[in-house]
Amino acid sequence: MSSFPPGSVIGILGGGQLGRMLGVAAAQLGYAVHIYAPEANGPASDASRFWTQGRYDDGDALSTFAASVDVLTYEFENVDGRAMQALSGSGLVRPSVDALRIAQDRLKEKNYVADLGGRTAPFAAVDSLDDLKAALATIGTPAILKTNRFGYDGKGQVRLYDAADAEAAWSAIGEAPAILEGFVQFDQEFSVLLVRGFDGDIRFWDSPANVHVDGILDTSTLPAGPVITAQVEEARALAAKVAEALDYVGVLTLEFFAGAEGPVFNEMAPRVHNSGHWTIEGAVTSQFENHIRAVCGLPLGDTGLVAQGVTMRNLIGEDALGWQVILEDPANHLHLYGKKEARAGRKMGHVTRLEP
Ligand code: AMP
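Thresholds applied
Residues numbered from 1 in each chain as written. Predicted model: local features only at pLDDT ≥ 70, side-chain atom pairs only at ≥ 80, totals over all residues. Heavy atoms only, no water. Helix = DSSP H or I, 4+ residues; strand = E, 2+ residues; numbered from the N terminus. Buried < 20%, exposed > 50% of the residue type's maximum accessible area, 1.4 Å probe, protein only. Contact = heavy atoms within 4.5 Å. Areas by Shrake-Rupley, 256 points an atom, 1.4 Å probe, with all protein chains shown as cover. Pairing = 2+ DSSP bridges. Polar contact = N/O pair within 3.5 Å; in protein donor to acceptor, adjacent residues only side chain to side chain. Patch = residues over 30% accessible without salt bridge, like charges linked within 9 Å, V, L, I, M, F, W, Y side chains within 5 Å. Salt bridge = Lys/Arg side-chain N within 4 Å of Asp/Glu carboxyl O. Near = heavy atom within 4 Å. Nonpolar A, V, L, I, M, F, W, Y, C, P; charged D, E, K, R; others polar. Domains from an automatic or database assignment.

*Asks:* So, the overall build of the protein chain: which residues are in play, and what are the values?
*Replies:* Of the regular secondary structure elements, the protein chain holds 11 helices and 17 strands. Its C-alpha atoms give the protein chain principal-axis dimensions of roughly 60 × 50 × 40 Å. For the protein chain, buried positions account for 52% of its 356 residues. Within the protein chain, contacts between residues separated by at least 24 positions form 62% of all contacts whose residues are at least 6 apart in sequence. Here the protein chain displays about 15100 Å² of accessible surface, and carbon together with sulfur accounts for 50% of that area.

Here it is in structure tokens:
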């Protein structure tokens with residue numbers, strides 16, 4: 001089946017804030033959401049009709065879950081590939097299991113994008129300490145060692161400033177399969193956010209300038225300024241190639257460094273993304289609504305910007321305790337994710353402001 005009308009049940013793997021915001025968008029369009037997650041509840045609890053607690057590597061539980069929903073998507077990439085394989089035959093999973101398999105592995109995604117003509121940092125596969133030493137000899141320092149899988153928000157990464165750092169770095173990432181990347185000189189970072197419909201229609205949102213602090217997104221700002229704007233066309237062309245090659249359905253995010261020679265691809269996410277949260281108030285149609293529309297085979301909504309400028313700021317850890325002060329400014333749109341403990345480094349919410 002290619003389209004699922006309002007009233008259908010959308011299964012989502014993952015029950016965090018992305019699932020929460022997808023659930024709100026789905027409810028607005030008349031769909032019900034069924035979450036599958038290892039936790040008993042989470043940020044998506046407030047925006048889902050059903051919840052199944054299960055492990056991401058439990059193929060049987062995932063199959064039962066898949067059989068109970070009309071269409072299935074995910075807000076989280078680190079789902080066991082073999083378990084996902086069990087779900088892939090029916091065309092039920094959008095974006096496809098192939099897209100997930102590539103995007104959940106840094107080495108696979110870098111190779112995939114490089115093969116399509118994308119510019120990347122110099123990189124090499126590292127499966128042992130000897131590989132790391134050999135990679136350092138060709139790539140040099142400074143460099144970054146990143147685990148292929150399970151890394152997010154700067155986790156699973158170590159910077160190396162000298163070849164003598166090899167042993168400590170290899171041990172710091174738990175001797176897991178990894179890639180070594182050369183350090184890219186860049187002034188700014190940005191992301192390309194696109195949605196591709198079931199019929200192949202592709203739409204882009206404006207690209208924000210993204211600032212990271214301690215490996216975690218701090219702000220996304222539009223307009224992104226001249227340096228990024230000059231590189232967006234090339235970055236979009238690459239992102240569209242990736243989406244087409246994967247016959248992708250849903251929102252796809254590619255992150256770039258604005259390098260001296262042009263856009264340098266860093267990583268991609270086969271899902272809605274933190275650097276697209278501004279689209280809830282800042283675009284005609286949000287990334288969450290368009291993801292739901294794409295997954296359900298509906299026509300896509302307009303991705304145009306509705307203001308002169310937009311800023312999204314993440315509320316990390318105790319930042320969220322300042323919600324009352326944030327609300328004193330009527331121009332602030334406050335989003336809190338309902339997480340109980342404001343732990344350091346934890347994404348608790350975000351604030352969006354429009355410049356009319
Ligand atoms: P990542 O998890 O790959 O998105 O990395 C987190 C952040 O570390 C990026 O947003 C950059 O600010 C920085 N970073 C990652 N890779 C590189 C690189 N090859 N060169 C320079 N900075 C990097």
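*Asks:* Quick rundown of the pairing of strand β9 (residues 186-196)? Include the residues and the values.
*Replies:* One face of the sheet, then the other: side chains in a regular strand alternate in exactly this way. The element β9 is largely enclosed, with a buried count of 8 among its 11 residues. Strand direction decides the pairing type here: β9 and strand β13 (residues 250-259), joined by 10 bridges, are antiparallel. Counterpart to Phe186 in the pairing with β13 is Gly259. Alignment of β9 against strand β11 (residues 209-213), held across 2 bridges, turns out to be antiparallel.

*Asks:* Tell me about the side chain of Asn274, and please be specific about residues and values.
*Replies:* Tracing the backbone shows Asn274 in the loop between β14 (263-269) and α9 (279-282). Exposure remark for Asn274: the relative accessible area of 8% places this residue in the buried category. A polar side-chain atom of Asn274 sits 2.7 Å from a polar atom in the side chain of Asn314. Discounting residues that sit within four places of it in the chain, Asn274 has contacts with Leu217, Met312, Asn314 and Lys347.

*Asks:* Outline a nonpolar patch on the surface, listing residues and values.
*Replies:* Where nonpolar side chains cluster on the molecular surface, the patch consists of Trp323, Leu327 and Leu336 and spans about 270 Å² of accessible area. Its place among the elements puts Trp323 in helix α11 (residues 323-328).

*Asks:* Would you mind going over unusual backbone geometry in detail, with residue names and values included?
*Replies:* A cis amide bond links Arg94 to the next residue, Pro95, at an omega of -5°. By the element assignment, Pro95 lies in the loop between α3 (81-85) and α4 (97-103). Note the cis peptide between Thr141 and Pro142, where omega equals -5°. Relative to the assigned elements, Pro142 resides in the loop between α6 (129-139) and β6 (143-147). With a phi close to 45°, Asp247 is a non-glycine residue in the positive phi region.

*Asks:* Pulling in residues and values, what's your account of the site of the ligand?
*Replies:* Around the ligand there are 15 residues in total, and Lys146, Gln157, Glu181, Glu189 and Glu267 lie nearest to it. In this structure, an oxygen atom belonging to the ligand sits 3.1 Å away from a side-chain N or O atom of Arg106. At a separation of 3.3 Å, an oxygen atom of the ligand approaches a polar side-chain atom of His212. Relative to its unbound accessible surface of 470 Å², the ligand loses 94% to contact with the protein. Within the shell around the ligand, the residues separate by chemical class into 5 nonpolar, 4 polar and 6 charged. Each of domain 2 (122-182) and domain 3 (188-355) accounts for three or more of the residues forming the shell around the ligand.

*Asks:* Any details on the environment of Thr52? Residues and values, ideally.
*Replies:* Position of Thr52 among the secondary structure elements: in strand β3 (residues 50-53). Owing to a relative accessible area of 25%, Thr52 belongs among the partly exposed residues under this scheme. Between the C-alpha atoms of Thr52 and Lys133, which are 81 residues apart in sequence, the distance is 45 Å. Look past the residues within four positions of Thr52 in its chain and what remains in contact with it is His34, Ile35, Tyr36, Ala37 and Phe65.

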